[in-house]
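This is what each chain is made of:
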Amino acid sequence: MTASTIRQKYLAFFKAKDHQIIPPAPLVPADDPTTLFTNSGMQPLVPYLKGQIHPMGRRLVDSQPCFRAEDIDEVGDNRHTTFFEMLGNWSLGDYFKQDQLPWFWEFLTHELKLPKARLYISLFKGSSQVPRDQESLKVWKKLGVPENKIYWYEAKKNWWSRAGTPEEMPEGEIGGPTSEVFFEFDSVDHNTKYGKACHPNCDCGRFLEIGNTVFMEYEKTKQGLKKLPAQNVDFGGGLERLTAASQNQPDIFQIELFSEAVKNLEVVKKSGPAYNQDPLPYRVIVDHLRAAVFMAAGGVEPSNKDRGYILRRLIRRSMVQARKLGMEQDEWLSNTLPLLASPYTKTYPLIDKKIPEINQTITQEIDKFRQTITRGLKEFNKTSPNQINERFAFKSLATYGMPFEITQELAQQRGIKLDKGVFDEYVKKHQDLSRTVSTGMFKGGLADHSEATTKLHTATHLLHAALKKVLGDHVRQEGSHITAERLRFDFAHPRVLADEEIKKVEDLVNQKITEDLPVKKTIEAKNQALKSGAMAFFKETYPDKVTVYTVGRDLNQGWFSKEFCGGPHVTSTGKIGSVRIYKQKNLGAGLRRLYARLNHGNHQSIDQNQGRTQ
Ligand code: GLY
């Protein structure tokens, strides 16, 4: 059975049992700054599991795209993926164990026609606070599951909350004991590397967890676990895994959602192992790219922070693996991407609609990474062999973003062995240091004070002034955000900007950069500064005395820009180099957004590929 059929069958099955089909939440939560990505079907339902009334009723079902960053290093075996679709059904204080377990059993054995002989069950063995789950045992036995196929585990395996075991749950988090179902692939032999005897939770790959029912009836409080107002059911089952079980295919990467992309990689690869010799590079590429497709469709852009950083990491990690297959250009990407996206275009129309944008986001990041690697490579070739060590690898990472794996590849060719453990020590030391340094240093709306962000900060002032000069004095800043990659500037203006207007603004900014105007910092009385025409951000309240940055040769007459600002800025505009406005977004309600970046001499291709307006 295909994933698409299973998704359909599942929704229909629970609909017939009086469940309302609810639309999945976005993978990238729109208004929840605390969560990077939706990571389970229950996440958007937490308030309702805690007792709030759900508008759709007490029986819900959906299929939820999820992303789990914590699994990124697990990808490579036969079953772990970072992105997956979770089939979920919920009882908000309605039915409980006596219905849920027989229903799921019926779905597995009747709808998916999984042989009963291959199904195993796990249950919570109990703790000082929560009793052993005898009730579920009775239900499973009544369904005909023999006791020797029912395994008991502790909270580490058979307790679920978003934070882990009861001890790991923060106050206010909800959770409960679980009952999981496992499928046994008898074509896979147990590997004693994972323990003497095989069992459902063994990591050897013979067993696959295909469904997890959480009896969500506890909340963590100061005093320990407390019962929630209602006994809820929170079921989650990985669609990809259920598909693999239905196809009796122990390798999840061989189901139709991945197999074409894997085959394509085998065709286009230039060197390196075949899939059956070493599947890891293939698995990492297809898993990470599929996740990247969904993230880019959700509007995430690669960056050095939060969601953008995870997307960047996924793309760069897949590129590292592509190089292991001898592919240094984009040959691996152009066909792989559509093959991974196409199974989703019907169910997720956004993916279909955004394919060109997704492609562009990923391709641009790859181009950027290629430049990084080229720079790192130059440095490597310049360095004498006795200086190539783990410290050098770390420096290459810190300075050029050169991944350890690539430096290690290169070092190997010169007969030098680099130790990942020693390298990791350098990374850890640096992380500790940067954590200390970063405490309290996010000033003036800047994410950091690196050279690139400082240049872009001054460029933002130039852009603001240029917009006023070109479009009119009504232009008013509504917000800005600067990273090392780009600046983003929001402003009020009634119309979408025409290409010629953007060009005029960009030209004026670059003209002021070419004039190499001094950037001066002064402290002035607020009212006086306002009178002189300095621009203040109306959303902010300022003290009586303010810092003002002025761009211009003569501060008393003819300055180009004057703004209230905490800095930092470059000392003269020439230091910026040049700037490229590469994107406009219409935010609606008379609000426009422009994106600009520092030019690195390749603006021609950005212009042609991306266009200026969208
Ligand atoms: N909420 C159940 C699961 O994620 O497995």
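An unreviewed UniProt entry annotates the chain as alanine--tRNA ligase originating from Candidatus Beckwithbacteria bacterium GW2011_GWB1_47_15. Regarding the chain, the relevant UniProt record gives this comment under Sequence similarities (unreviewed entry): "Belongs to the class-II aminoacyl-tRNA synthetase family."

Help me get a handle on the overall build of the chain, residues and values and all.
Scanning the chain from terminus to terminus reveals 18 helices and 16 strands. For the chain, the C-alpha radius of gyration of 28 Å lies close to 25 Å, the compact-globule estimate for 614 residues. On the principal axes, the C-alpha backbone points of the chain span a range of 90 × 60 × 45 Å. Counting the 614 residues in the chain, one finds 52% classified as buried. Pairs at least 24 apart in sequence give 70% of the contacts found in the chain among residues at least 6 apart. Carbon and sulfur atoms make up 49% of the accessible area of the chain, which totals about 28500 Å². For the chain, the centre of its 86 positive side-chain charges and the centre of its 74 negative side-chain charges are spaced 3 Å apart.

I'd like a description of the state of the cysteines, backed by residues and values.
Counting across every chain of the model gives zero disulfides. The thiol sulfur of Cys204 is not disulfide-bonded, and the nearest other cysteine sulfur, from Cys198, lies at 3.6 Å.

I'd like a description of the site of the ligand, backed by residues and values.
Surveying the vicinity of the ligand reveals the residues Ser40, Met42, Arg68, Met86, Trp160, Asn212, Val214 and Asp234. Separating an oxygen atom of the ligand from a side-chain N or O atom of Arg68 is a distance of 3.1 Å. For the ligand, an oxygen atom lies 3.0 Å from a polar atom in the side chain of Asn212. Protein coverage of the free-state accessible area of the ligand, which is 200 Å², stands at 95%. Its atoms largely coinciding with the cavity grid, the ligand occupies the second largest pocket. Across the shell around the ligand, the residue classes tally to four nonpolar, two polar and two charged.

Give me the lowdown on the packing of helix H1 (residues 3-15) against helix H6 (residues 239-246), citing residues and values where you can.
Pairs of packed helices are described in terms of their axes, by the angle between the two and the distance that separates them. Between H1 and H6, whose axes approach to 9 Å, the crossing angle comes to 110°. In terms of axis orientation, H1 runs roughly perpendicular to H6. Each of Ala3, Ile6 and Arg7 in H1 lies in contact with H6, whose residues at this interface are Leu239, Leu242, Thr243 and Ser246. Split by residue class, the contact of H1 with H6 holds four nonpolar, two polar and one charged.

Before we move on, could you go through the nonpolar core and cite the residues and values that matter?
Counting 105 residues, the largest nonpolar core has Phe67, Leu108, Trp140, Ile210, Met295, Trp332 and Ile362 as its most contacted members. If one sorts the elements of this core by residue count, helix H8 (residues 280-297) sits on top with 12 residues. Those residues in contact with Ile362, other than ones at most four positions away along the chain, are Leu289, Ala292, Val293, Ile315, Leu333 and Leu337. Listed in part, the 32 residues of the second largest apolar core include Leu456, Val475, Phe489 and Leu497.

Describe in detail the packing of helix H7 (residues 259-268) against helix H10 (residues 331-341), supporting the description with residues and values.
At a closest axis distance of 9 Å, the pairing of H7 and H10 adopts a crossing angle of 165°. If you check the angle between H7 and H10, you find them roughly antiparallel. Relative to H10, the crossing made by H7 is right-handed. Contacts between H7 and H10 pair Glu260, Ala261, Asn264, Leu265 and Val268 from the former with Glu331, Trp332, Asn335, Thr336, Leu339 and Leu340 from the latter. The residue makeup of the contact of H7 with H10, split by class, is six nonpolar, three polar and two charged.

Can you explain the layout of surface pockets? Please cite residues and give values.
Regions of empty space are outlined by a rolling probe, equal in size to a water molecule, passed over the atoms. By volume, the second largest pocket amounts to about 1300 Å³. Along the walls of the second largest pocket sit 45 residues, with Arg68, Asp71, His80, Trp160 and Glu209 positioned nearest its centre. Elements supplying a minimum of two residues to the lining of the second largest pocket: strand S3 (83-91), helix H5 (155-158), strand S6 (159-161), strand S7 (174-184), strand S8 (207-221), strand S9 (224-238) and H6. Of the residues assigned to the lining of the second largest pocket, the class counts are 16 nonpolar, 14 polar and 15 charged.

Calculation criteria
Residues numbered from 1 in each chain as written. Predicted model: local features only at pLDDT ≥ 70, side-chain atom pairs only at ≥ 80, totals over all residues. Heavy atoms only, no water. UniProt positions renumbered as here; feature names shortened; annotations may be inferred. Helix = DSSP H or I, 4+ residues; strand = E, 2+ residues; numbered from the N terminus. Rg over C-alpha atoms; globule rule 2.2 N^0.38 Å. Buried < 20%, exposed > 50% of the residue type's maximum accessible area, 1.4 Å probe, protein only. Contact = heavy atoms within 4.5 Å. Areas by Shrake-Rupley, 256 points an atom, 1.4 Å probe, with all protein chains shown as cover. Lys, Arg positive; Asp, Glu negative; His and termini not counted. Charge placed at Lys NZ, Arg CZ, Asp CG, Glu CD. Disulfide = S-S within 2.5 Å. Near = heavy atom within 4 Å. Polar contact = N/O pair within 3.5 Å; in protein donor to acceptor, adjacent residues only side chain to side chain. 1 Å grid on protein atoms, 1.4 Å probe; cavity = no way out; pocket = protein on both sides within 12 Å on 5 of 7 lines; lining within 4 Å. Sits in = over half its atoms within 2 Å of the grid points. Nonpolar A, V, L, I, M, F, W, Y, C, P; charged D, E, K, R; others polar. Axes fitted to C-alpha atoms, helices over the stretch in contact; angles between N-to-C directions. Parallel < 35°, antiparallel > 145°, perpendicular 65-115°, else oblique. Core = buried A, V, L, I, M, F, W, Y, C linked by side-chain atoms within 4.5 Å. Left-handed = near helix turned anticlockwise from the far one by under 90°. Points joined across faces, edges and corners; volume = space filled by probe spheres on them.

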